[in-house]
Amino acid sequence: MARSSGQSSQSASPRAARGSQAWIWLAFIAVWCAMPAAAQTDAIDGRFALFTSWAQRSYAAGADTDYTEIIANLSFSGGGQPGSIFEYVVDSRVATYPSSSRDERISLYEAYIGFHSRDRQWNVRLGQMWLHELGGLGSVGGIFAEYRQPRPTTIGRWRVGLFAGLELATYDLEYLEDIEKGGAYVALDGDHGRQHILGYVLVRNQGLTERSVVVFSNFIPVGRSFRLYQALEYDTEGPAGVGDPELSYFMANLNYRISSVFGIQGTYHKGRSINARTITEDIIAGRPVPPEALQRLLFESGRVRLMVRPSRNISLWVGYGNDRNNDDDPTAKRFNAGFSARRILGSGADLNLSMTRTDRGEDTYDSKWASLGYSFGPRVYVSLEYRDTLSVFHLSRGDGETIEIRPNSEMYSLNSNINLGRRFSLQLQLEHLDHSDFEEKRLLTGLMVRF
């Protein structure tokens, strides 16, 4: 999300409503009660994933550090077969860090129960949900209703959605106190995935307008050769009435397949990031808001890539772009090139190579990456990877002299993915990083269960 609503764990947790946990548990209870009814018409479709990561870093100065992370993800849904009137979805994530004092993080993306007509002309959802039509602003805990046009017209099928509710605290199973959220959208769905969405989101904070945002997205496919995707967010007013209306985020991605051999891709991103929640709370508390807090460039990037595919299994590409990460930063020039070959000489071997150079005037950054993989039948894939990164910085000592610093890092990794039937898969990754200032060893394991 390009422009923050202040949903950081630091700013959100102190204002979380302790009593609002009841909404979370009510959502879980509703889903649990709906599962038997929905299971009569549809089996549960879900996934459980458990990832563990261990890293040991040894610094040149002699100090060693250990870092351990455990992440569990549970997601399941049901009631989606034709003829059913129930649906339920749960998608949650828990991360814990045994080797440090870092707090456990809990993320609840969705936990709702839904009811819809048998022809899906209308549907209603209750609970915590993510409305993907609204992008990064689509998280809401409350009620959602949508009506879909019975029969498509020559231009597509119309949908209209309304929602209202509360906002969940980041990394905490609590809703934020005094934060209310609501809005609506209109969508037009066409053939081959074509979609146009226009929406509006209003976030209120203790009676003041924290954000008032128009959301737009547009996906246009033309045949098999042209794809255009666009998305934007436009704030119709500043937080708490301070600041001017402005475009806070815009993205465009164009793919054009000129022929069976040549293709071109162009991307452009621009976003501004201000902490709308902090600004609103400063206004409520009577604290002054500095002008620089209202205008901050997050990033601006424009890139173009030419792709060549001389055969079915061989691809080459070359790209050029300009990036800027701050209002006062100079534009950085970025050049990249790459090569990919799949099933070399009819075997199960794959080879990928890429190179990137970033030029920021006096400072340059180079990165090289290579990967060699092999498929041992349909169930096992193993790859070896190498990455080399060099940064060149020029720092002034203050006496007219310039110091050149050249930190370099090399990474070697062994990766494997093993599919144990339709339900189980394993992942194993070993890494060794040799940096100018330290060495690091990392082990990542993953288990995924589908049900």
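Residues numbered from 1 in each chain as written. Predicted model: local features only at pLDDT ≥ 70, side-chain atom pairs only at ≥ 80, totals over all residues. Heavy atoms only, no water.

**What about the overall build of the protein chain?**
Logical step 1: Scanning the protein chain from terminus to terminus reveals 3 helices and 24 strands.
Logical step 2: Residues classed as buried in the protein chain amount to 37% of the 451 residues present.
Logical step 3: In the protein chain, the proportion of contacts linking residues at least 24 apart, taken out of those at least 6 apart, comes to 47%.
Logical step 4: Accessible area of the protein chain: about 24400 Å², with a carbon and sulfur share of 58%. (Helix = DSSP H or I, 4+ residues; strand = E, 2+ residues; numbered from the N terminus. Buried < 20%, exposed > 50% of the residue type's maximum accessible area, 1.4 Å probe, protein only. Contact = heavy atoms within 4.5 Å. Areas by Shrake-Rupley, 256 points an atom, 1.4 Å probe, with all protein chains shown as cover.)

**A look at the packing of aromatic side chains**
Logical step 1: Taken as a whole and assessed by the stated rule, the structure comprises 9 aromatic pairs.
Logical step 2: Here the aromatic rings of phenylalanine 76 and tyrosine 88 are separated by 6.3 Å at their centres, their planes lie at 65°, and the arrangement is edge-to-face. Highlighted residues: phenylalanine 76 in strand β3 (residues 64-78) and tyrosine 88 in strand β4 (residues 86-96), separated in sequence by 12 residues. The residues phenylalanine 76 and tyrosine 88 share a single accessibility class, namely buried.
Logical step 3: Seen from their ring centres, tyrosine 386 and tyrosine 412 are 5.2 Å apart, and the 50° between their planes marks the pair as tilted. Here tyrosine 386 is found in strand β20 (residues 380-396), whereas its partner tyrosine 412 is found in strand β22 (residues 408-420), with 26 residues between them in sequence.
Logical step 4: The exposure class of tyrosine 386 is partly exposed, given its relative accessible area of 27%. (Phe/Tyr/Trp six-rings, centres within 6.5 Å; stacked < 30°, edge-to-face > 60°.)

**Some thoughts on the pattern of salt bridges**
Logical step 1: If you walk through the whole model with that rule in mind, you get 17 salt bridges.
Logical step 2: Ionic pairing is found between glutamate 300 and arginine 324, a salt bridge with its closest N-O pair at 2.8 Å. Of the two residues, glutamate 300 sits in strand β15 (residues 297-311) while arginine 324 sits in strand β16 (residues 314-324), which places them 24 residues apart along the sequence.
Logical step 3: Salt-bridge contacts for glutamate 431 lead to arginine 442; the nearest nitrogen and oxygen are separated by 4.0 Å. Taken as a pair, glutamate 431 in strand β23 (residues 424-435) and arginine 442 in strand β24 (residues 438-450) lie far apart in primary sequence, 11 residues in all.
Logical step 4: Several salt bridges share partner residues, and in doing so they unite Arg57, Glu431, Glu440 and Arg442 into one network. (Salt bridge = Lys/Arg side-chain N within 4 Å of Asp/Glu carboxyl O.)

**With respect to the environment of aspartate 66**
Logical step 1: Tracing the backbone shows aspartate 66 in strand β3.
Logical step 2: Looking at aspartate 66, the relative accessible area reads 39%, which means it is partly exposed.
Logical step 3: Spatially, the C-alpha atoms of aspartate 66 and serine 100 are 8.7 Å apart, while their sequence positions differ by 34 residues.
Logical step 4: Setting aside its immediate chain neighbours within four residues, aspartate 66 contacts Trp54, Ala55, Gln56 and Ser99.
Logical step 5: Side-chain polar atoms of aspartate 66 contact the side chain of tryptophan 54, separated by 3.4 Å. (Polar contact = N/O pair within 3.5 Å; in protein donor to acceptor, adjacent residues only side chain to side chain.)

**Description of the side chain of glutamate 233**
Logical step 1: Mapped onto the elements of the fold, glutamate 233 is located in strand β12 (residues 226-235).
Logical step 2: Residue classification places glutamate 233 among the buried positions, given a relative accessible area of 7%.

**Looking at the nonpolar core**
Logical step 1: Leu131, Leu134, Phe163 and Val201 are the most contacted members of the largest nonpolar core, which totals 19 residues.
Logical step 2: Elements with a minimum of two residues in this core: β7 (139-148), β9 (175-189), β10 (195-205) and β11 (208-222).
Logical step 3: Of all the elements, β9 adds the most residues to this core, at 4 residues.
Logical step 4: Here valine 201 is in contact with Leu134, Leu137, Phe163, Lys181, Gly182, Arg211, Ser212, Val213 and Val215, once residues within four sequence places are set aside.
Logical step 5: Within the second largest apolar cluster, 8 residues are counted, among which are Val90, Ala111, Leu173 and Tyr175. (Core = buried A, V, L, I, M, F, W, Y, C linked by side-chain atoms within 4.5 Å.)

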